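Below, each chain spelled out in residue letters.
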Amino acid sequence: MQAFEKPGANAFGHEFREYNKESERSSGVESFYKINHTNQTYDFAMEMRKKHLVLDKAVMGIWECCELLNEYVDESDPDLDEPQIEHLLQTAEAIRKDHPNEDWFHLTGLIHDLGKVLLHPKFGEEPQWAVVGDTFPLGCPFSKSIVHSEFFDRNPDSRDPRFNTGNGVYELGCGLDKIVMSWGHDEYLYQVLKRNDCNLPPQALFIIRYHSFYALHRAGDYKQFMDDFDREMYPWLEEFNKYDLYSKSKVRVDVEAAKPYYLSLIDKYFPNKAIKW
Ligand SMILES: O[C@H]1[C@H](O)[C@@H](O)[C@H](O)[C@@H](O)[C@H]1O
Ligand SMILES: [Fe+2]
Ligand SMILES: [Fe+2]
């Protein structure tokens, strides 16, 4: 297989992640972040943890869950309007080209966005603003590097003295694990994997948990909260982002052709097929 090549432009002929330029998707994406930034508060994220981490919504295998994502297009994404199963396979296949021997990394690509099943009626039918989009820490000041940070004026936490100065409710170097992130598909899937039998290495879980945290892995903000474990894991997050972002394309993956390989990885890393969601 040849190496993965980062395309010169996204599928719409624009730069990737151009949030402030007019395009066919920009107004939808902007409305998405307006409502996301207004409603993602510390208390909201705590409520959602309570609601979803009981894992009483379904018992289902990994591939079944990939197939459920066939129905959904991510409204927060300026670079892709294909069903999410395409994005999962595009990411996994891109990783496979550059890291042929790291099969855990291929599987991480395949599953990283499975938390988006929260959109499905069986999983609570959460609105897009509570499932997709970039994530950011709550309980401390919002960084300017978060996309569409102008909308945080509407978020009550930005006027809450517990949260809006210094390090908020956190200690320096406390570790990202202590940080309450905005609620969405990343934290949900991370917690699902932690609470079920799964043999994926710690770097896979770290990638899944923080892959939408662009203010960290793109802008370098919030690093003051990292601890030694986070620093050890961090290079994998940057490596992963290359494939997650730049594999987005209109070229469809042949799902049926790819399926047997990924089923074999699921078998290897998920000894127990009945996963609680
Ligand atoms: O719009 C996208 C999408 O929702 C991704 O799944 C998420 O990981 C990204 O951070 C976000 O920019
Ligand atoms: Fe994602
Ligand atoms: Fe993704």
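Before reading further, recall that the structure is shown in the block above.
Attention in this report is confined to the structure presented alongside it. Given the structure is predicted, the values throughout are model-derived calculations rather than measurements. (Residues numbered from 1 in each chain as written. Chains lettered and ligands numbered in written order. Predicted model: local features only at pLDDT ≥ 70, side-chain atom pairs only at ≥ 80, totals over all residues. Heavy atoms only, no water.)

All right, on to the site of ligand 1 then. Neighbouring residues of ligand 1: 14 residues in total, closest Asp 74, Ser 76, Lys 116, Asp 134 and Ser 212. One of the side-chain N or O atoms of Arg 17 is found 3.3 Å from an oxygen atom in ligand 1. Here an oxygen atom of ligand 1 sits 2.6 Å away from a polar atom, N or O, in the side chain of Ser 76. In the complex, the protein chains occlude 98% of the 300 Å² of accessible area that ligand 1 would expose alone. Applying the majority rule of atoms within 2 Å of the grid points places ligand 1 in the largest cavity. A breakdown of the residues in the shell around ligand 1 according to their chemical character gives 3 nonpolar, 5 polar and 6 charged. (Near = heavy atom within 4 Å. Polar contact = N/O pair within 3.5 Å; in protein donor to acceptor, adjacent residues only side chain to side chain. Areas by Shrake-Rupley, 256 points an atom, 1.4 Å probe, with all protein chains shown as cover. 1 Å grid on protein atoms, 1.4 Å probe; cavity = no way out; pocket = protein on both sides within 12 Å on 5 of 7 lines; lining within 4 Å. Sits in = over half its atoms within 2 Å of the grid points. Nonpolar A, V, L, I, M, F, W, Y, C, P; charged D, E, K, R; others polar.)

As a further point, take the coordination of the iron ion (ligand 2). Coordination sphere of the iron ion (ligand 2), protein contribution only: Asp 113 (OD), His 185 (NE2) and His 211 (NE2), at 2.0 to 2.2 Å. Between the two metal centres, the iron ion (ligand 2) and the iron ion (ligand 3), the spacing is 3.6 Å, with Asp 113 acting as a shared donor. Residue Asp 113 is found in the loop between helix 5 (103-111) and strand 2 (137-138), and its partner His 211 is found in the loop between helix 7 (202-210) and helix 8 (214-217); the two are separated by 98 residues along the sequence. You can call His 211 buried: its relative accessible area is 4%. (Donors = N, O, S within 2.8 Å, 3.2 Å for Na, K, Ca; no water. Helix = DSSP H or I, 4+ residues; strand = E, 2+ residues; numbered from the N terminus. Buried < 20%, exposed > 50% of the residue type's maximum accessible area, 1.4 Å probe, protein only.)

Here His 112 is to be found in the loop between helix 5 and strand 2. Classification of His 112 as buried rests on a relative accessible area of 0%. Within the local environment of His 112, its side chain forms a polar contact with the backbone oxygen of Gly 109, the two atoms lying 2.8 Å apart. With residues up to four places along the chain from it excluded, the contact list for His 112 reads His 87, Leu 88, Thr 91, His 185, Leu 189, Ile 208, His 211, Phe 240 and Asp 244. (Contact = heavy atoms within 4.5 Å.)

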